[in-house]
Amino acid sequence: MMLAFLGLEYKRIDIDLRRNDQMNPDFISLNRLHKVPVLVDDEFVIRDSAAIMIYLARKYGKPEWYPVSPAEMAEIQQWLSFSVNEVFNGLAMSRAIVIFNRDFDLKLAHALTDIALDLLEFRLKDHDWLALDRFTLADIACYPYAALVHEGGISLEEFSSIRSWFKRIESLPRYAAMPGLPYPY
Ligand SMILES: N[C@@H](CCC(=O)N[C@@H](CS)C(=O)NCC(=O)O)C(=O)O
C-alpha cells in the first residue's frame, strides 16, 4: 500500500503463511524472525512494516509523512507503537484466530480490540487523521488491520468516525486495494 501511495515501481513476492513459506531458508536469510513484510531495495534489506514505511517515506519524496521535528515525530510514533500493540494484538489477532486458526487468546484479543477501537473512534470523532491533522504514516500503519476487522467477525456499526476515516483513506490518490479491502460498507 505504501509503495502504491508513493507511485513506486516494485516487484511483489507473495509469501504464503498458510504454507509456511516464511520458513524457507531463502526467506529466513532476509528476515531471521520469519515475518512479512521485508523490503529489498538494491542491496538494502529491511524488515518490519513501520521501519519500511519510514525508509520509503523519507527516501522517496514524502518526508512530511514522518517529519523530524521532535513533537511531530513523537506524535506519529505513538500511533506506530499503537499499531504494533493494541492494533496488532487486538484487531489483527482477532481476525487471525478466526481466519488462520491462530493459537492465541481470543478473550485477550477482543479486550485489546475494544481498547483500540475506543481510541480510534475518540481521536477520529473530531479529527480527520490520526496524527498532525494530515495524512501520515500513522494512518497507513493502523488502517489495514482496522479495515479488515470484520473478517474476524467484529462489527464497526457503532464506529461511524472510524468508517468515515476509512473512506477518506480509500479516496486518496493511488490508494491500492488489497484482498479484503477497501472496507465493505
Ligand atoms: N510488527 C511487524 C509484525 C510482522 C508480523 O508479525 N508478520 C506476521 C504476519 S502479519 C508474520 O509474518 N508471521 C509469520 C510468522 O510469525 O511465522 C510488522 O509490522 O512488520
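Numbers given for residues are sequential positions, taken from 1 along each chain in its written order. Per-residue local features are limited, in this predicted model, to residues with pLDDT of at least 70; the limit for side-chain atom pairs, both in listing and counting, is 80 or more; totals at the level of whole chains, interfaces and linings are taken over all residues.

Chemist: How should the packing of helix 4 (residues 70-99) against helix 6 (residues 137-147) be read in this particular structure?
Modeler: Axis angle and axis distance: for two packed helices, these are the angle between their axes and the distance between the axes, and together they describe the pair. Direction vectors running N to C along helix 4 and helix 6 enclose 5°, while the axes themselves pass 8 Å from each other. If you check the angle between helix 4 and helix 6, you find them roughly parallel. Contact with helix 4, carried on its side by Ile-76, Trp-79, Leu-80, Phe-82, Ser-83, Val-87, Phe-88, Leu-91 and Ala-92, involves Leu-137, Ala-138, Ala-141, Cys-142, Tyr-145 and Ala-146 of helix 6 and no other residues of that element. Looking at side-chain class alone, the contact of helix 4 with helix 6 contains 14 nonpolar, one polar and no charged residues. The angle between two axes is taken between their N-to-C directions and runs from 0 to 180 degrees, where each axis is a line fitted to C-alpha atoms and a helix contributes only its stretch in contact. For helices the rule is a DSSP run of H or I covering at least 4 residues; for strands it is a run of E covering at least 2, with both sets numbered from the N terminus onward. Orientation labels follow simple angle bins: below 35 degrees gives roughly parallel, above 145 gives roughly antiparallel, 65 to 115 gives roughly perpendicular, and whatever is left gives oblique. A pair of residues counts as a contact when their C-beta atoms, built from backbone coordinates, are separated by no more than 7 Å. In this count, Pro and Cys sit with the nonpolar residues alongside Ala, Val, Leu, Ile, Met, Phe, Trp and Tyr, while Asp, Glu, Lys and Arg are called charged and the others, Gly among them, polar.

Chemist: What is the right way to read helix 6 from this model?
Modeler: It helps to recall that an α-helix has 3.6 residues per turn; residues three or four apart then point in one direction. Backbone-placed C-beta atoms define the burial measure: a residue is buried with 20 or more other C-beta atoms within 10 Å of its own, exposed with 12 or fewer, and partly exposed in between. The buried fraction of helix 6 is high, at 10 of 11 residues. Every buried residue of helix 6 is accounted for by Leu-137, Ala-138, Asp-139, Ile-140, Ala-141, Cys-142, Tyr-143, Tyr-145, Ala-146 and Ala-147. Looking at the buried positions of helix 6, the neighbouring elements they touch are helix 1 (2-6), helix 3 (49-59), helix 4, helix 5 (106-125) and helix 7 (160-170).

Chemist: Would you mind showing me how to read the domain arrangement of the protein chain here?
Modeler: Often, the extent of an interface is quoted as the loss of accessible area upon association of its parts. Segment limits for the domains were obtained from an automatic or database-derived domain assignment. In terms of domains, the protein chain is made up of domain 1 (2-64) and domain 2 (67-170). Taking the mean C-alpha position of each, domain 1 and domain 2 sit 21 Å from one another. Domain 1 puts eight residues into the contact, and the matching count from domain 2 is seven residues. For the side of domain 1 that touches domain 2, the residue count by class is six nonpolar, no polar and two charged.

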